[in-house]
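Tertiary structure, described
The primary structure of each chain is shown beneath.
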Amino acid sequence: MTLFKLSRHRKYVSDERAYAWFELAYTTVDVCAAVLFVIGSIMFFSEAWLKAGTWCFLVGSICFALKPALRISREVRYMKNDDYEGLAKRFENEH
């Protein structure tokens, strides 16, 4: 039995290292967004921190917007490498 499950996404045929870096970036952005939203929520309890809390929400929202941008950039990279089979298998697994 393994400690961690593998990603639900199928690995691309052409470049496992690039896939891993994109997954790491995606997860990092996701964690940053969540942390910023929690901090922003705590800051909203004090009027003195409202402006800073608003900035946390804004930056967290930008992080959430980066997630699909990372996915698109990864898929464009694989399209350039003619890895259509990997893209098609990923699409089948998600739908």
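Everything discussed here concerns the structure shown above.
Conventions and cut-offs
- Residues numbered from 1 in each chain as written.
- Predicted model: local features only at pLDDT ≥ 70, side-chain atom pairs only at ≥ 80, totals over all residues.
- Heavy atoms only, no water.
- Helix = DSSP H or I, 4+ residues; strand = E, 2+ residues; numbered from the N terminus.
- Contact = heavy atoms within 4.5 Å.
- Expected span 1.5 Å × (residues − 1).
- Buried < 20%, exposed > 50% of the residue type's maximum accessible area, 1.4 Å probe, protein only.
- Salt bridge = Lys/Arg side-chain N within 4 Å of Asp/Glu carboxyl O.

Considering the side chain of Lys 67
Along the chain, Lys 67 turns up in helix H2 (residues 50–80). Discounting residues that sit within four places of it in the chain, Lys 67 has contacts with Tyr 26, Val 29 and Asp 30.

A look at H2
The end-to-end C-alpha distance of H2 is 45 Å, a good match for the 45 Å that 31 residues give at a rise of 1.5 Å each. The set of residues buried in H2 consists of Gly 53, Cys 56, Gly 60, Cys 63, Lys 67, Leu 70, Arg 71, Arg 74 and Tyr 78. Positive phi shows up at Asp 82, right after H2, with a value of about 60°.

Description of the pattern of salt bridges
Tallying each qualifying case throughout the model produces two salt bridges. One salt bridge in this structure joins Glu 23 and Arg 74, with 2.6 Å as the shortest N-O distance. Separated by 51 residues along the polypeptide, Glu 23 in helix H1 (residues 16–43) and Arg 74 in helix H2 bring together distant segments of the chain. Its relative accessible area of 2% is what places Arg 74 among the buried residues. Across the pair Lys 67 and Asp 30 runs a salt bridge, and its minimum N-O distance is 2.9 Å. Note that Lys 67 is positioned in helix H2 and Asp 30 in helix H1, a separation of 37 residues in sequence. Classification of Lys 67 as buried rests on a relative accessible area of 15%.

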